[in-house]
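Observations on the model geometry
So the chains spell out like this:
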Amino acid sequence: MTNVSNPETEGETIRRILAGEKHLFHALIRPCERAIYFLLFSLLRNEAEAEDAAQETAIKVYRKLHLFRGDSQFRTWVLSIARNEGLGRLRKSETRREDSLDALVDGEAGDFTPAILTSWREVPAETLERQELGKLLRDAIDGLPENYRNVVLLRDIEEMDVRETAIVLGITEGAVKVRLHRARALLQRNLAPKLKGFAPKGRNLFGWTR
Amino acid sequence: MRIDCKHVWQYISAYIDGDVDAALRAEIDKHLETCEICSAVLDSTRNVVVLVADDRVFELPAGFGNRLHARLDRELALSESP
Ligand SMILES: [Zn+2]
């Protein structure tokens, strides 16, 4: 199975699909699947619904493929379609959790005092099982207001850049940065005390040494 | 002017992303050299950022890809070229 993610290969693949090699669409969409699903899960908060919406999104991307102009990255365009699919479902269902009310508007200062732990690096490691760690992280992210959760998802989980994230979410790059800052501060405050001792040890496991 | 801890916290996220100018970065670095609290805040925030990026934290439901591509196959079979 080949994945296409470099823009030139992508453009060529799209051209060939439009010219009739329909089966190439599988490889075109594959690198975007994860981000599609998790963006929708972040909006819809339900696995089955997110999966159905992800399938619907992939079909819409296929049907609209001739409309893709290449002025943004393909993935950005796909995720905008996914987000619209998710928002459409939320509007219909009216089951939307009003959790975005918990988020501050971008101008407000708010209290983003971090968790203070002077001993992050010195605390002996209490072994956190991988599964346990995963659950802690998922719960912390699930607990964020939606506006922040989406930004964390795209920036820190799917590792999209600020510009792409702003396009997908329909907000300014400044708003992406503000929300990301707050989201990370909330995650740090929630997680740092629980993750004490899970700091990188020995080898440079996490890419940073100080 | 010496910057204080609250000032550093405001820029933690931008600092991690390399999105602060050289002068501010130098000031923050200088502060971090002597402030254990801010060093720990920075380290723990970085670790959180790194940990959430781990693919194993967020896994697709089992069989997700198979079901998606099976549905796409049906769609592709029915459709004209897009
Ligand atoms: Zn300090």
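For the structure, check the block above.
Residues numbered from 1 in each chain as written. Chains lettered and ligands numbered in written order. Predicted model: local features only at pLDDT ≥ 70, side-chain atom pairs only at ≥ 80, totals over all residues. Heavy atoms only, no water.

It is worth spelling out the packing of aromatic side chains at this point. How two aromatic rings sit relative to each other is set out by the distance from centre to centre and by the angle between their planes. Counted by the stated rule, this structure contains eight aromatic pairs over all chains. The interplanar angle of 65 degrees and the centroid separation of 5.1 Å between the aromatic rings of A:Phe25 and A:Tyr62 together place this pair among those described as edge-to-face. Of this pair, A:Phe25 sits in helix H2 (residues 25–29) while A:Tyr62 sits in helix H4 (residues 47–64), placing them 37 residues apart in sequence. Each member of the pair, A:Phe25 as well as A:Tyr62, is classed as buried. Aromatic side chains A:Tyr37 and B:Phe64 sit 5.2 Å apart centroid to centroid with 65 degrees between the ring planes, which places their arrangement in the edge-to-face category. Pair noted here: A:Tyr37 is in helix H3 (residues 33–44) and B:Phe64 is in helix H5 (residues 64–78), and the two residues belong to different chains. For the residue pair A:Tyr37 and B:Phe64, the accessibility class agrees, reading buried in each case. (Phe/Tyr/Trp six-rings, centres within 6.5 Å; stacked < 30°, edge-to-face > 60°. Helix = DSSP H or I, 4+ residues; strand = E, 2+ residues; numbered from the N terminus. Buried < 20%, exposed > 50% of the residue type's maximum accessible area, 1.4 Å probe, protein only.)

On the protein side, the zinc ion has B:Cys5 (SG), B:His31 (NE2), B:Cys35 (SG) and B:Cys38 (SG) as donor atoms, found 2.0 to 2.3 Å from it. Classification of the site at the zinc ion rests on its four donor atoms, whose angles at the metal span 102 to 114 degrees, yielding the label tetrahedral. (Donors = N, O, S within 2.8 Å, 3.2 Å for Na, K, Ca; no water. Tetrahedral: all angles 85-135°; square planar, octahedral: opposite > 155°, others 65-115°.)

Facing 49 residues of chain B, the contacting portion of chain A comprises 58 residues. The largest per-residue losses of area from chain B upon contact with chain A belong to B:Phe58, B:Arg71 and B:Pro82, which jointly make up 15% of the total buried on that side. Summed over the shared surface of chain B and chain A, the number is seven salt bridges. Salt-bridge contacts for B:Asp17 lead to A:Arg184; the nearest nitrogen and oxygen are separated by 3.1 Å. Applying the counting rule to chain B against chain A returns 20 residue pairs in polar contact (both at pLDDT 80 or more). (Contact = heavy atoms within 4.5 Å. Buried area = accessible area lost by both parts, 1.4 Å probe. Salt bridge = Lys/Arg side-chain N within 4 Å of Asp/Glu carboxyl O. Polar contact = N/O pair within 3.5 Å; in protein donor to acceptor, adjacent residues only side chain to side chain.)

Attention now moves to the pattern of salt bridges. Taken as a whole and judged by the stated rule, the model has 18 salt bridges over all chains. Taking the shortest distance from any N to any O, the salt bridge between A:Glu49 and A:Arg89 comes out at 3.3 Å. With A:Glu49 in helix H4 and A:Arg89 in helix H5 (residues 74–93), this residue pair connects regions lying 40 residues apart in the sequence. Classification of A:Arg89 by relative accessible area gives buried; the value is 14%. Close ionic contact of B:Arg67 with A:Glu51 constitutes a salt bridge, the shortest N to O distance being 2.4 Å. Taken as a pair, B:Arg67 in helix H5 and A:Glu51 in helix H4 lie in two separate chains rather than in one. A residue is classified by how much of its surface remains accessible, and A:Glu51, at 10% relative accessible area, is buried. Because the salt bridges share partners, they merge into one network encompassing A:Glu49, A:Asp52, A:Glu56, A:Lys60, A:Glu85, A:Arg89 and B:Arg71.

Attention now moves to the packing of helix H7 (residues 146–157) of chain A against helix H8 (residues 162–169) of chain A. Residues and elements named next belong to chain A. Direction vectors running N to C along H7 and H8 enclose 140 degrees, while the axes themselves pass 10 Å from each other. When the interaxial angle is binned, H7 and H8 end up oblique. Between H7 and H8 lies a crossing of right-handed hand. Here Asn 150, Val 151, Leu 154 and Arg 155 of H7 come into contact with H8, specifically with Val 162, Thr 165, Val 168 and Leu 169. (Axes fitted to C-alpha atoms, helices over the stretch in contact; angles between N-to-C directions. Parallel < 35°, antiparallel > 145°, perpendicular 65-115°, else oblique. Left-handed = near helix turned anticlockwise from the far one by under 90°.)

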